[in-house]
Amino acid sequence: MSRENRETLEVYNRVAQKYLDNTINHNKVQPEKVREKHEKLALRIKGAFKTLPAGAKILEIGSADGENAKTIESFGYNVIASDVAPAFLEACKKQGLQTIKFNVLEDEFPADISGVFCWRVFVHFTREDILVALRRIYEALKPMGRLVFSVFSRENHDSDFEMKDFSGEYKLGALRYFAYYRRDEILKIIKETNFKIVDEWLENTSHEDLFCFVLEKENEKS
């Protein structure tokens, strides 16, 4: 694990509850806009995992408030919500979710995982950390399993990374490491794994644009 990633984890351990409170406050500002955003992402999630059978086990990495995990669960999957901060895990438990404390770079994966959802997590990862994570996820997935992940686009940035905090409702009062990638850079990283790209899109947000990918593990050769 890189120094950048370890320091980011330490920050979220400290400010997790503030993150949760800020999310609630943000959702109250423009509820209609928030609803539309959630519905749009829900459709993406449904399409990404449509090849998986009902009841398939899906691990969400970095669940935070558990909202996306609940969305995945609503499609009939067996969801495991994960995070490293106790406040996030408690928030997920309050929603009735199965939870585990989990670090994708270090911890052992649950067995029989058919899908992994990793949204706005790799935004804090160095290139080396992303490659390690992708390879570990690939090994953990069942054949034909799928991974959904996102990273920040570098298009509107002058550097590959920066230490920053967001403004407004998302301000946490703590600087975090954020990485930015060109599309060709992410494609190169994916190429260093055995994953196949089955879908990709650019997600426009109020803060940063996201490159989003759906990857699939190859089937076992007979």
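This report concerns the structure included in the present document. Not measured: the values here are computed from a predicted model. (Residues numbered from 1 in each chain as written. Predicted model: local features only at pLDDT ≥ 70, side-chain atom pairs only at ≥ 80, totals over all residues. Heavy atoms only, no water.)

### Points about helix α5 (residues 127-140)
The condition is simple: The secondary structure listing takes helices from DSSP runs of H or I that are at least 4 residues long and strands from runs of E that are at least 2 residues long, numbered from the N terminus. Helix span, expected: 1.5 Å multiplied by one less than the number of residues in the helix. The buried label goes to any residue with under 20% of its type's maximum accessible area, the exposed label to any with over 50%, and the partly exposed label to all in between, with areas taken from a 1.4 Å probe on protein chains only.
If you check α5, its first and last C-alpha atoms are 20 Å apart, about what 14 residues at 1.5 Å a residue would give, namely 20 Å. Of all the residues in α5, the buried ones are D129, I130, L131, A133, L134, I137 and Y138.

### Remarks on the environment of Q98
Mapped onto the secondary structure, Q98 falls in strand β3 (residues 98-101). Residue class for Q98 comes out partly exposed when judged on its relative accessible area of 43%. Between the C-alpha atoms of Q98 and N78, which are 20 residues apart in sequence, the distance is 8.9 Å.

### Re unusual backbone geometry
Despite not being glycine, D112 shows a phi value in the positive range, around 60°. Although it is not a glycine, R120 sits at a positive phi angle of roughly 55°. Turning to its location among the elements, R120 is positioned in the loop between β4 (113-118) and α5. With relative accessibility at 36%, the residue R120 sits in the partly exposed group.

### Brief notes about the nonpolar core
Heads up, the rule is: Definition used in this section: a nonpolar core is a set of buried Ala, Val, Leu, Ile, Met, Phe, Trp, Tyr and Cys residues joined via side-chain atoms within 4.5 Å. Throughout, a residue-residue contact means that at least one pair of heavy atoms, one from each residue, lies within 4.5 Å.
Grouped together as the largest cluster of nonpolar side chains are 33 residues, with contacts concentrated most on F122, I137 and F149. Those elements giving two or more residues to this core turn out to be β1 (57-61), β4, α5, β5 (141-153), β7 (176-181), α6 (183-191) and β9 (210-216). In terms of residue count, the dominant contributor to this core is α5 (six residues). Discounting residues that sit within four places of it in the chain, I137 has contacts with I61, V104, F109, V116, F122, L147 and F195. Of all hydrophobic cores here, the second largest spans 26 residues; its members include A56, Y77, V148 and C212.

### Quick word on the pattern of salt bridges
Just so we agree on the cut-off: A side-chain nitrogen of Lys or Arg and a carboxyl oxygen of Asp or Glu constitute a salt bridge if their distance falls within 4 Å.
Applying the stated criterion across every chain, the model contains 16 salt bridges. The salt bridge partner of E4 is R3, with a shortest N-O separation of 3.4 Å. Residue R3 is classed as exposed on the basis of its relative accessible area of 52%. In this structure, K171 engages D165 in a salt bridge whose closest nitrogen and oxygen atoms are separated by 3.8 Å. Classification of D165 by relative accessible area gives buried; the value is 17%. Among the charged side chains, a network of salt bridges with common partners joins R3, E4 and E7.

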